[in-house]
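# Architecture and fold: a report
Now for the letters of each chain:
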Amino acid sequence: MSATSMGNPSDSVQPLHAVLFDMDGTLVETEELWGEAMAALAVQLGGTFSAEAREQTVGTSMRVAMEVLHADLGVERSEEQHRADAAWVEEQTARLMTSRGMPWRPGARELLVAVRDAGLATALVTTTPRRIAALVIDHITTDLGQSPFDLTICGDEVPARKPDPAPYLQAMRELGMDPAGSLVIEDSHVGVTAGLASGAAVLGVPSMQSLEPLPGLTLRSSLAGLTVPDLRRLVADRGHAPTPV
């Protein structure tokens, strides 16, 4: 809640209370593993997954990703085959996560620790199903010695998935936070769209997909070097012209 009774202009600045993080491609280098698994499925189906189609799947649900892949290959799949393809990609990605590891995105570990040390509320909000996301959550928890998240919400636990704002609205509601005091950190177009639609300020850090400037969106090439005061300024300055990478 902002206070204006003292007449100081800084009193009306909206404070930051919560930071909501996307997972794949934002905190950890796992987005490429999803792409590798989908490319392997494309080979099994007799084709090659194009780079253009792959970019369209970044941050999307498995349902959308499979629709894009099937259309790119020009193949017709039954509903049962569609579900089987999605399950195969999920299992293959999980195997890759286990065998290849889940390295941090540049600056992500340091920023997450700083956010927690500052006493801000945190949430992980991912489109990835819980059984796959749990691998990453456990990895992060082990690395940091404790869970850095007050809340984790996965793609199979929400009424609608990104780009719908439902996952972020659910996270803010469960944290007891207002969108005006919340910051979403995302790497994909669908994630940025969801964050902006939720009413939160959004920091976009693209990994495999370019992002265009939008009102309420700040763009940065990396999380490296970001501090909590930087995040506070993003919320305080929302509504100003978007910042380019």
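Residues numbered from 1 in each chain as written. Predicted model: local features only at pLDDT ≥ 70, side-chain atom pairs only at ≥ 80, totals over all residues. Heavy atoms only, no water.

## With respect to the side chain of Asp-85
Note that Asp-85 resides in helix H4 (residues 79-100). Accessibility expressed as a relative area gives 4% for Asp-85, which makes it buried. There is a polar contact of 2.8 Å between the side chain of Asp-85 and the side chain of His-70. Apart from residues lying up to four places away in sequence, Asp-85 is in contact with Leu-41, Leu-45, Met-66, His-70 and Arg-77. (Helix = DSSP H or I, 4+ residues; strand = E, 2+ residues; numbered from the N terminus. Buried < 20%, exposed > 50% of the residue type's maximum accessible area, 1.4 Å probe, protein only. Polar contact = N/O pair within 3.5 Å; in protein donor to acceptor, adjacent residues only side chain to side chain. Contact = heavy atoms within 4.5 Å.)

## Quick word on the environment of Ala-197
Assignment of secondary structure puts Ala-197 in helix H8 (residues 189-197). A residue is classified by how much of its surface remains accessible, and Ala-197, at 48% relative accessible area, is partly exposed. Linking Ala-197 and Pro-165, residues 32 residues apart in sequence, is a C-alpha distance of 5.5 Å.

## Remarks on the packing of helix H3 (residues 62-73) against H4
The geometry of H3 relative to H4 is characterised by a closest axis approach of 10 Å and an angle of 110 degrees between their N-to-C directions. Classified by the interaxial angle, the pair formed by H3 and H4 is roughly perpendicular. Facing H3, whose interface residues are Met-62, Arg-63, Met-66, Glu-67 and His-70, H4 presents Glu-79, His-82, Asp-85, Ala-86, Val-89 and Glu-90. Here the residues of the contact of H3 with H4 are counted per class, giving four nonpolar, two polar and five charged. (Axes fitted to C-alpha atoms, helices over the stretch in contact; angles between N-to-C directions. Parallel < 35°, antiparallel > 145°, perpendicular 65-115°, else oblique. Nonpolar A, V, L, I, M, F, W, Y, C, P; charged D, E, K, R; others polar.)

## Re the pairing of strand S4 (residues 182-186)
The element S4 is largely enclosed, with a buried count of five among its five residues. The alternating pattern of S4 places Ser-182, Val-184 and Glu-186 and Leu-183 and Ile-185 on opposite faces, both of which are buried. Relative to S4, strand S1 (residues 18-21) runs parallel, the two sharing four bridges. Residue Val-19 lies in a different strand from S4, and its bridge partner there is Leu-183. Bridge analysis of S4 against strand S5 (residues 201-204) gives four bridges, and the strand direction is parallel. Counterpart to Leu-183 in the pairing with S5 is Ala-201. (Pairing = 2+ DSSP bridges.)

## Quick word on the packing of helix H1 (residues 31-44) against H4
How two helices sit against one another is set out by the angle between their axes and by the gap between those axes. Between H1 and H4, the shortest axis-to-axis distance is 8 Å and the interhelical angle comes to 130 degrees. The angle between the axes of H1 and H4 places the two elements in the oblique class. The hand of the H1/H4 crossing is right-handed. On H4, the residues that touch Leu-33, Trp-34, Glu-36, Ala-37, Met-38, Ala-40, Leu-41 and Gln-44 of H1 are Asp-85, Trp-88, Val-89, Glu-90, Gln-92, Thr-93, Leu-96, Met-97 and Arg-100. A per-class count over the contact of H1 with H4 returns 10 nonpolar, three polar and four charged. (Left-handed = near helix turned anticlockwise from the far one by under 90°.)

## Looking at the nonpolar core
Membership of the largest hydrophobic core comes to 51 residues, with the highest contact counts inside it found for Phe-21, Met-66, Leu-183, Leu-203 and Leu-231. Apart from residues lying up to four places away in sequence, Phe-21 is in contact with Leu-27, Leu-111, Leu-112, Val-115, Thr-122, Ala-123, Leu-124, Val-125, Phe-149, Tyr-168 and Ile-185. Counting 20 residues, the second largest nonpolar core, distinct from the first, contains Ala-121, Ala-123, Val-202 and Leu-217. (Core = buried A, V, L, I, M, F, W, Y, C linked by side-chain atoms within 4.5 Å.)

## Description of empty space enclosed by the protein
Scanning the entire structure with this criterion turns up two cavities of 30 Å³ or more. Reported here for the largest cavity is a volume of approximately 200 Å³. For the lining of the largest cavity, the secondary structure elements donating two or more residues are H1, helix H2 (51-57) and H3. For the lining of the largest cavity, the leading source of residues is H1, giving three residues. Its residues placed into classes, the lining of the largest cavity shows five nonpolar, eight polar and seven charged. Taken as a whole, the second largest cavity encloses approximately 30 Å³ of empty space. Per-class residue counts for the lining of the second largest cavity are four nonpolar, three polar and two charged. (1 Å grid on protein atoms, 1.4 Å probe; cavity = no way out; pocket = protein on both sides within 12 Å on 5 of 7 lines; lining within 4 Å. Points joined across faces, edges and corners; volume = space filled by probe spheres on them.)

## Some points on the pattern of salt bridges
All told, the structure shown has 15 salt bridges when counted by the stated rule. Asp-22 is the salt-bridge partner of Lys-162, the closest N and O atoms lying 3.0 Å from each other. A residue pair is termed long-range when its members are at least 10 positions apart, and Lys-162 in the loop between strand S3 (151-153) and helix H7 (166-175) and Asp-22 in the loop between S1 and H1 qualify at 140 residues. Among the ionic pairs, Arg-100 bridges to Glu-36, the shortest N-O distance being 2.6 Å. Of this pair, Arg-100 sits in helix H4 while Glu-36 sits in helix H1, placing them 64 residues apart in sequence. (Salt bridge = Lys/Arg side-chain N within 4 Å of Asp/Glu carboxyl O.)

This is a description of form; function is not addressed.
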